Amino acid sequence: MPPPLHDTLNLMFRNRPQLAVEMLRDHLGVDVPGGLPVTHIAWHHMLPDA
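These numbers come from a predicted model, not from an experiment.

Here is what the cut-offs are and how they apply
- Residues numbered from 1 in each chain as written.
- Predicted model: local features only at pLDDT ≥ 70, side-chain atom pairs only at ≥ 80, totals over all residues.
- Heavy atoms only, no water.
- Salt bridge = Lys/Arg side-chain N within 4 Å of Asp/Glu carboxyl O.
- Buried < 20%, exposed > 50% of the residue type's maximum accessible area, 1.4 Å probe, protein only.
- Patch = residues over 30% accessible without salt bridge, like charges linked within 9 Å, V, L, I, M, F, W, Y side chains within 5 Å.
- Areas by Shrake-Rupley, 256 points an atom, 1.4 Å probe, with all protein chains shown as cover.
- Helix = DSSP H or I, 4+ residues; strand = E, 2+ residues; numbered from the N terminus.

S.K.: Run through the pattern of salt bridges, naming residues and quoting values.
M.R.: Going through the model one piece at a time under the given rule, you end up with 2 salt bridges. Across the pair Glu22 and Arg16 runs a salt bridge, and its minimum N-O distance is 2.9 Å. Arg16 gets classed as partly exposed once you look at its relative accessible area, which sits at 41%. For Arg25, the salt bridge goes to Asp26, with nearest N and O atoms at 2.9 Å. Relative accessible area serves as the criterion here: at 39%, Arg25 is assigned to the partly exposed category.

S.K.: So what's going on with a nonpolar patch on the surface? Which residues, and what values?
M.R.: Residues Leu5, Leu9 and Met12 make up a contiguous nonpolar surface patch of roughly 280 Å² in combined accessible area. What makes Met12 partly exposed here is its relative accessible area of 36%.

S.K.: Just give me the short version of the environment of Gly34, but keep the residues and values in it.
M.R.: If you trace the backbone, Gly34 turns up in the segment after α2 (18–28). Sequence separation between Gly34 and Val21 is 13 residues; the distance between their C-alpha atoms is 9.3 Å.

Right, dumping it as structure tokens:
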């Protein structure tokens, strides 16, 4: 069972995916292109079909 901090962070990014872009840009100085859609994708959707 994941700890409460893990669950809280997971919910934050799931409910507001744009937060990841804001953190990269504003806190880490990463140049993120604007105007692109940001969505939540579960990791298992990225796996190739078995």
